[in-house]
Structure formats: C-alpha cells, structure tokens
Amino acid sequence: MTAHATDRSGTADGTAEARALAREWTAPPTTSLRWTPGARLTGIDPRSTPGWEGGKAGATALVAAHAPELSELQERLFAEGRSGGSRSMLLVLQGLDTAGKGGIVRHVVGLVDPQGVMHRSFGVPTAEEKAHGYLWRIRNALPRPGYIGVFDRSHYEQVLVVRVEGLEPRAEWEAHYDEMNAFEAEVAASGTRIVKVALVISRDEQKARLAERLERPDKHWKYNPGDIDTRLRWDDYVAAYQDMLDRTSTEVAPWHVVPADRKWFARLAVSELLLDALRSFDLGWPEADFDVEAEKRRLAAT
Ligand code: AMP
Ligand code: MG
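About the thresholds
Residues numbered from 1 in each chain as written. Chains lettered and ligands numbered in written order. Predicted model: local features only at pLDDT ≥ 70, side-chain atom pairs only at ≥ 80, totals over all residues. Heavy atoms only, no water. UniProt positions renumbered as here; feature names shortened; annotations may be inferred. Helix = DSSP H or I, 4+ residues; strand = E, 2+ residues; numbered from the N terminus. Buried < 20%, exposed > 50% of the residue type's maximum accessible area, 1.4 Å probe, protein only. Pairing = 2+ DSSP bridges. Near = heavy atom within 4 Å. Polar contact = N/O pair within 3.5 Å; in protein donor to acceptor, adjacent residues only side chain to side chain. Areas by Shrake-Rupley, 256 points an atom, 1.4 Å probe, with all protein chains shown as cover. Core = buried A, V, L, I, M, F, W, Y, C linked by side-chain atoms within 4.5 Å. Contact = heavy atoms within 4.5 Å. Axes fitted to C-alpha atoms, helices over the stretch in contact; angles between N-to-C directions. Expected span 1.5 Å × (residues − 1).

As recorded in an unreviewed UniProt entry, the protein chain goes by the name Polyphosphate:nucleotide phosphotransferase, PPK2 family, listed as coming from Isoptericola variabilis.

1. Remarks on the UniProt feature "domain: Polyphosphate kinase-2-related" (unreviewed entry) in the protein chain
Mapped onto this numbering, the UniProt entry annotates "domain: Polyphosphate kinase-2-related" (unreviewed entry) at residues 64-279. End C-alpha atoms of residues 64-279 are separated by 17 Å, and the span's content is 51% helix alongside 15% strand.

2. Examining unusual backbone geometry
With a phi close to 70 degrees, Arg153 is a non-glycine residue in the positive phi region. Tracing the chain through its elements places Arg153 in the loop between β3 (148-152) and α7 (161-164). Its identity is not glycine, yet Asp282 carries a phi of approximately 50 degrees, on the positive side. With a relative accessible area of 53%, Asp282 lands in the exposed category.

3. With respect to the pairing of strand β5 (residues 255-259)
Counting buried positions along β5 gives 5 out of 5 residues, so the element sits mostly inside the fold. Burial along β5 is two-sided: Trp255, Val257 and Pro259 and His256 and Val258, pointing in opposite directions, are all buried. Judged from the 5 bridges that link them, strand β4 (residues 192-200) and β5 form a sheet pairing that is parallel. Note on β5: the bridge partner recorded for Ala198 is Val257.

4. A closer look at the site of ligand 1
Ligand 1 sits among Phe122, Gly123, Val124, Pro125, Arg137, Arg153, Glu157, Gln158, Val161, Val162 and Leu167. Separating a nitrogen atom of ligand 1 from a side-chain N or O atom of Arg137 is a distance of 3.2 Å. About the coverage of ligand 1: the protein hides 70% of its 500 Å² of free accessible area.

5. Section: the nonpolar core
Ranked by internal contacts, the top residues of the largest apolar core, which has 75 residues, are Met89, Leu91, Val197 and Phe265. With near-sequence residues (within four places) excluded, Leu91 lies in contact with Val109, Gly149, Val150, Phe151, Val195, Val197, Val270 and Leu274.

6. Things to note about the sheet that holds β5
Strand order in the open sheet formed by 5 strands is β2-β3-β1-β4-β5, with parallel pairing between adjacent strands. The open sheet has two edge strands with one neighbour each: β2 (117-121) and β5. Strand-to-strand twist in this sheet, taken as the mean axis angle between neighbours without regard to direction, amounts to 20 degrees. Where β2 lies against β3, 5 bridges are found, and the strand directions are parallel. Pairing of Met118 across the sheet is with Gly149, part of β3.

7. A look at the environment of Glu53
Among the structural elements, Glu53 can be located in the loop between α2 (29-32) and α3 (55-82). By relative accessible area, which is 55% here, Glu53 ends up exposed. Separated by 28 residues in the primary sequence, Glu53 and Trp25 have C-alpha atoms spaced 6.3 Å apart. In contact with Glu53, other than residues within four places in its own chain, are Glu24 and Thr26.

8. Comments concerning helix α12 (residues 263-280)
With 18 residues, α12 ought to run about 26 Å at 1.5 Å a step, and its terminal C-alpha atoms sit 26 Å apart, in line with that. Most of α12 sits out of view: 13 of its 18 residues are buried. Once α12 finishes, Asp282 follows within two positions and takes phi at roughly 50 degrees, a positive value.

Written out as structure tokens, the structure is:
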C-alpha cells in the first residue's frame, strides 16, 4: 500500500457541538448494540434506545453534527482506494419488511458522496443467480477498494426466508452458517471492514407501517401482498433471526442489533456504527506521487 500523510489536522472530527451531543451516549453503540450470543432476541424492546439518553431531538442533531466527519472519512477512504489502498467497508442491513432498511440507506448512507458507495439490494434470486451458488451474487457485489458497500438484505436471506419458507432442506441451510462465517473471514482478511446490522421492529409497529403503505397512494409501490404471508410466520422469523445472530456473530464480523420502532434511533445508531468503523481505519490523505513544488512552478509558468 502507498504511504499516507499522517497529518489529520484537516479532519472535521470533534466539533464542540458533536462532542457535547455525543455525551448522551452512556455506553458506546459498538458495545451497547453488539449481539451477545445466547441473549434472547425477544428480550429486546424494539422501542428502546440502548445506551442513548439524548432523545429524538438530540439524536437528529448528532446525526447532523457527525455528518461532516462521516463524509470526510469516506472521502479519505475513497482517496486511499484510488492510491493503491486495499481497504473498504461493507454495511450489511437485515430486518423484516418495513424495518427501515431503505430509510437507513437514504438518511445515513445518503450523508456521504454517492460516488463512493456501492449499493445493492437482494431480492428473490433471478434465474441467472439461481444457476450459481448463493454467494455468487454476493461476491459480485462486494465493495471495491475505497468504497463503502451497502447490502439491503444479503446472503443472510439464505438462513432466513429460505429456512422459514422451506426453500431448501434443513441440511442445506444448516451448513450456511459456517460457510458464511468462513466467507466473511475471507472478506475481512482482504481488507473489508464488515458492519452487520439487524433492525428489530415490533409486530405492532410493522402492522402500523404496512397499514400506512396501504393508506397512502404514494406508498403503495412499497407494499407487497406477500408481506402479509411473511408476517403470518412472525415467530418462525424470530427463531431464524435468533439462530443467525447466535451462529454468525464473529470477532471479525459481529452483529449489532438495533431497535428500530423509533426510526430516529435506528438512524443514529447506524450512523454512529459507520463512523466508528471509519475512524478505526485511522485514515490520512494519500501522499502526492508527484513533486508538488515542481508542479506549482510548471503551473505558474503557463
Ligand atoms: P424487498 O426487500 O422488499 O424488495 O423484498 C425482497 C424479497 O426478496 C424479500 O421478500 C426477501 O425475502 C426475498 N429474498 C431475498 N433473498 C432471497 C433468497 N435468497 N431467496 C428467496 N427470497 C429472497
Ligand atoms: Mg418489501
């Protein structure tokens, strides 16, 4: 990899306002939201805001106050990728229908330059995708160096909808947990930092959001009659999520469980998890691979 300038003086981090707002975290979200294998998913209150004491106004304000830093770190990552670096980020979003995956993409990922984002949503596999193993389309969508990859649903559907709907025999989907752990270990080793987020909504909140999609003509496009059939299997999905969290939370790719009945909290939580991951890269600006002074003289002479 190329050498990097160590001067971080240009970083937009640590404005006094952001620092003051961030004090409303009584425990960092990387800790308070990180899944502890064996914990009960049903024990998580979807309306709770673990670790956060700042309320809705504080949350909205902190997302805005951290946006410049998030955006600058993304640009540094992109610059590094352009300069021979191999690092990238991958945000994996899982959650039942209406959990707010799209809202996270719009309101959180939307804070950074879209040129540096590789977004992909995964629906029912196409005929071409079905002709390959389930990781084929996932591998093809992995972020290139310098990019932030965003998966709206992911390979995990293979142990969620596939399991619940019985689309594969048990012996097949049972094998996927270990396969996914091995796959993610390989992705992480290649320089991709993986941030996995499971958005958790309550049955009542999902009902209200589906009702809104039916009430409002501008939301009909988001409604899918099949969502009701999925909803009827609520307990099966909870069991599938529980096993996914327990069996695929690893050191290199832990799950974060984000209560999502309050959209403002989910957005705050994911923006903070992304920011933490980007900060951990300790990104500088790439050093010029040309003689800056010589170029200034050349330019002046024109
Ligand atoms: P949406 O996210 O609302 O666009 O819906 C996408 C749909 O694709 C959901 O119902 C998912 O359960 C479904 N889906 C995603 N991946 C798979 C998969 N591997 N096998 C079957 N269905 C899938
Ligand atoms: Mg849907």
